Amino acid sequence: MAPPPPPPCQLCKSRCASSLATGKLFDIYFQPSFRHAATVPCNVRLKFNKLTGDTMTFEAPGEPYTMEVEKGRNMSQIGGDEWARFLARMRLTGDDEDDEDDEDNEDPLDEDDEDPLHEAIVAQRMRLSEEEVRNLWDIIPPRDDFVGVPFVTRLTSTMVDRHDMKLPKSLSVSCGIEPDEEGSAGLCLTARGSFTTCTYRMDTDGRTHLNSVGWKRFLVGKNLPVGQAILITIRNTCRSGLRMMIVVNII
């Protein structure tokens, strides 16, 4: 079972601490308290403020909406008459819920079912470009297609040149890989690609170490350079002798 995601931020009501958002591409999770104005996620507020003036145009289904932007010292909000018109058009009124009750009864798992990136593990010090974020949204599979949590990283020289590939402990735990476990997995580039059999073992630090010979065979002919951003998901498989399928997607 996947570990629970971090709770929503008390200020912006988004999962800004673990978000992959940028100043131009971010999510706002509607709350009843957003009936008059929505709060911009904390982690993109400064970039958002630099990109916008007193108004911003939002391209929505059907027509664009020009909304007012209010930039406070600790919070930026999107609102105005066009925001209210947008909510009415999308039927996002929140009239049936009480603000305080909504916060107390919020179930983060409901959001995660729709947006698996909320629980993704991102390699330390990794920053995605805006194009990579858009690509990631395009390739992330439906939540039911994989087990555990997604893992986003960049290929390093250790992975590519030394053929030393390890999956983080939190990913291993989320997929139910047991301590001291050893087995065989399939490695494939996209879920539809052919797979390479690779043995693995759980290291003492909790990370899953892929056998260097199998990982090297997988890399052959894939044209995966150092620095390439990739998404890794773990899938169940019915193939005989394989514990799981490790799917790599280029971001």
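This is a predicted model, so every value here is computed, not measured.

1. Some points on the sheet that holds strand β3 (residues 63-71)
Backbone-to-backbone hydrogen bonds pair the strands of a sheet. The strands run either parallel or antiparallel. Here we have four strands laid out as an open sheet, ordered β1-β4-β3-β2, and antiparallel in their pairing. Each end of this open sheet is capped by a strand with a single partner; those strands are β1 (37-39) and β2 (55-60). Across this sheet, the average inter-strand angle for adjacent strands is 35°, counted without regard to direction. As paired elements, β3 and strand β4 (residues 76-79) share four bridges and run antiparallel to each other. For V69, the partnering residue across the bridge sits in β4 and is I78. Packed onto the sheet, helix α2 (residues 81-90) meets β1, β2, β3 and β4 and runs at close to 130° relative to β3.

2. Regarding unusual backbone geometry
In this model, H163 sits at a positive phi of 55°, which is unusual for a non-glycine residue. By secondary structure assignment, the location of H163 is in the loop between α6 (157-160) and β7 (165-167). A positive phi angle, close to 55°, is found at N223, a residue other than glycine. Mapped onto the secondary structure, N223 falls in the loop between α8 (212-219) and β11 (229-235).

3. Details of the environment of L87
Take L87: it is sitting in helix α2. The sequence separation of L87 and F30 amounts to 57 residues, and the corresponding C-alpha distance is 9.7 Å. When residues no more than four places from it in sequence are discounted, the contact partners of L87 are F30, F34, R35 and L92.

4. Description of the pattern of salt bridges
Counting across every chain of the model gives seven salt bridges. Note that R85 is salt-bridged to E63, the shortest N-O span being 3.2 Å. Taken together, the residues R85 in helix α2 and E63 in strand β3 connect sequence positions 22 residues apart. By relative accessible area, which is 26% here, E63 ends up partly exposed. Residue R201 is joined to D203 by a salt bridge in which the shortest nitrogen-to-oxygen separation is 2.2 Å. Because the salt bridges share partners, they merge into one network encompassing E63, E82 and R85.

5. Remarks on the side chain of T52
Inspection of the secondary structure assignment puts T52 in the loop between α1 (45-51) and β2. At 2.9 Å, the side chain of T52 and the backbone oxygen of F48 are in polar contact. Each residue touching T52, except ones within four places of it in the same chain, is listed here: V69 and K71.

6. Brief notes about the pairing of strand β8 (residues 182-189)
Most of β8 is tucked away: six of the eight residues are buried. Two elements, β8 and strand β9 (residues 195-202), share seven bridges in a ladder whose sense is antiparallel. By the bridge assignment, C188 is partnered in β9 with F195. Counting the residues between successive antiparallel strands, the hairpin from β8 to β9 contains five residues, one of them, T190, with a positive phi of roughly 70°. Pairing of β8 with strand β12 (residues 244-250), which is carried by five bridges, proceeds in the parallel orientation.

About the thresholds
Residues numbered from 1 in each chain as written. Predicted model: local features only at pLDDT ≥ 70, side-chain atom pairs only at ≥ 80, totals over all residues. Heavy atoms only, no water. Pairing = 2+ DSSP bridges. Helix = DSSP H or I, 4+ residues; strand = E, 2+ residues; numbered from the N terminus. Axes fitted to C-alpha atoms, helices over the stretch in contact; angles between N-to-C directions. Contact = heavy atoms within 4.5 Å. Salt bridge = Lys/Arg side-chain N within 4 Å of Asp/Glu carboxyl O. Buried < 20%, exposed > 50% of the residue type's maximum accessible area, 1.4 Å probe, protein only. Polar contact = N/O pair within 3.5 Å; in protein donor to acceptor, adjacent residues only side chain to side chain.

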